[in-house]
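This is what each chain is made of:
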Amino acid sequence: MNMDLIKERLKYFYRIHRRLPTYGEMVPLLHYASRGSTYYVVKRLLQEGILEKDENGKLIPKDLLNIPMLGTIRAGYPVPAEIQQDRQLRLHTLFENALTASFALLVSGDSMIEAGICEGDYVIINSSIEAKNGDIVAACVDGEWTVKMLRKDNDVIVLLPANKQYQPIHPRESLTIGGVVVNVIRKY
């Protein structure tokens, strides 16, 4: 079986199950007779940089989930399109800082719309990054969770909304930073 067909079958499995198949699941998927053949294919996919293993040894897509990158488009006045051949947007690189110590949250509310975070978006939070001044964070303020911009002035911490209709939040009793927002995902 050629490598392009193998990649297409892995992409198909990924679309359906939202994960890569196990070695055992690859046997019927790739129409092999044994797991030994899948070990060879996986080894080759790892060597070619199409797949990689995470810190637990689990297979994850690297260059398997790419889409063509055709160039740049202006959001201002129209300009002639410039098509760039042979470039690809490697989707996994968009989430490199979300591969470890991360979790997703569904956004409810509109207090962060001026930061480009809208109701219905998913924010990816990395809990291993130390929050610094200006970061957008998931924070537990006085027992309630919110997503806001962190502002530190000496020992005073304020959580700022990105919508003028909302007031800054000053923790009264407690503040726990759950992590830093590293990605925002929006579906249309």
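Keep in mind that this is a model prediction, so the values were computed, not measured.

Caption draft 1: The arrangement of the sheet that holds strand E5 (residues 102-106) in detail. The sheet built from six strands is open, its strands ordered E5-E6-E10-E7-E8-E9 with antiparallel pairing. Across the chains shown, the open sheet's two edge strands, defined by having one partner strand only, are E5 and strand E9 (156-160). In this sheet, neighbouring strand axes are inclined to one another by 45° on average, regardless of whether the strands run parallel or antiparallel. Bridging between strand E8 (residues 144-153) and E9 involves five bridges; their strand directions are antiparallel. The partner of Met149 across the bridge, within E9, is Leu160.

Caption draft 2: Molecular detail of the packing of helix H1 (residues 3-17) against helix H3 (residues 35-47). Between H1 and H3, the shortest axis-to-axis distance is 12 Å and the interhelical angle comes to 95°. The angle between H1 and H3 falls in the class roughly perpendicular. In this structure, H1 contributes Met3, Ile6, Lys7 and Leu10 to the contact, and H3 contributes Val41, Arg44 and Leu45. Split by residue class, the contact of H1 with H3 holds five nonpolar, no polar and two charged.

Caption draft 3: Molecular detail of the pairing of strand E10 (residues 175-185). Of the pairings in the sheet, the one linking strand E6 (residues 122-126) to E10 comprises five bridges and is antiparallel in character. Bridging across to E10, Ile125 finds its partner in Val181. Both strand E7 (residues 136-141) and E10 contribute to a ladder of five bridges, which runs antiparallel. What sits directly across from Ala139, in E10, is Ile177.

Caption draft 4: Region of the structure containing the side chain of Asn126. Relative to the helices and strands, Asn126 resides in strand E6. The class of Asn126 is buried, set by a relative accessible area of 4%. A polar contact is formed between the side chain of Asn126 and the backbone nitrogen of Ile129, at a distance of 3.5 Å.

Caption draft 5: Quick peek at the pattern of salt bridges. One pass over the structure, following the stated rule, counts seven salt bridges. Measuring nitrogen to oxygen at the nearest pair gives 3.5 Å for the salt bridge that ties Lys11 to Glu8. Here Glu8 and Lys11 lie together in helix H1, a separation of three residues that amounts to about one turn. Glu114 serves as the salt-bridge partner of Lys164, at 3.8 Å between the closest nitrogen and oxygen. In this pair, Lys164 sits in the loop between E9 and E10 while Glu114 sits in the loop between E5 and E6, placing the two residues 50 residues apart along the sequence.

Caption draft 6: Spatial organisation of H3. With 13 residues, H3 extends 18 Å from end C-alpha to end C-alpha; this agrees with the ideal 18 Å at 1.5 Å per step. Considered for burial, the residues of H3 that qualify are Thr38, Val41, Val42 and Leu45. The buried residues of H3 occupy an angular sector of 100° when projected down its axis, which confines them to one face. The exposed residues of H3 that point more than 90 degrees off its buried face are Tyr40, Lys43 and Gln47.

Caption draft 7: Region of interest: the confidence of the model for the chain. Looking at the chain as a whole, its pLDDT mean stands at 83, while 80% of the residues score no less than 70. The secondary-structure element of the chain with the lowest mean pLDDT is strand E3 (residues 66-68), recorded at 60, while E9 shows the highest, at 94.

Caption draft 8: Looking closely at the nonpolar core. Within the largest apolar cluster, 15 residues are counted, with the highest numbers of intra-cluster contacts made by Ile6, Leu10 and Leu45. Of all elements in the fold, only H1, helix H2 (23-29) and H3 reach the threshold of two or more residues within this core. Among the elements that take part in this core, H1 stands out by supplying four residues, more than any other. With near-sequence residues (within four places) excluded, Leu10 lies in contact with Pro21, Met26, Leu29, Leu45 and Leu64. By size, the runner-up hydrophobic cluster in this structure holds ten residues, among which are Val123, Ile136, Val147 and Val181.

Quick notes on the rules
- Residues numbered from 1 in each chain as written.
- Predicted model: local features only at pLDDT ≥ 70, side-chain atom pairs only at ≥ 80, totals over all residues.
- Heavy atoms only, no water.
- Pairing = 2+ DSSP bridges.
- Helix = DSSP H or I, 4+ residues; strand = E, 2+ residues; numbered from the N terminus.
- Axes fitted to C-alpha atoms, helices over the stretch in contact; angles between N-to-C directions.
- Parallel < 35°, antiparallel > 145°, perpendicular 65-115°, else oblique.
- Contact = heavy atoms within 4.5 Å.
- Nonpolar A, V, L, I, M, F, W, Y, C, P; charged D, E, K, R; others polar.
- Buried < 20%, exposed > 50% of the residue type's maximum accessible area, 1.4 Å probe, protein only.
- Polar contact = N/O pair within 3.5 Å; in protein donor to acceptor, adjacent residues only side chain to side chain.
- Salt bridge = Lys/Arg side-chain N within 4 Å of Asp/Glu carboxyl O.
- Expected span 1.5 Å × (residues − 1).
- Arc of directions from axis to C-beta.
- pLDDT = per-residue confidence, 0-100.
- Core = buried A, V, L, I, M, F, W, Y, C linked by side-chain atoms within 4.5 Å.

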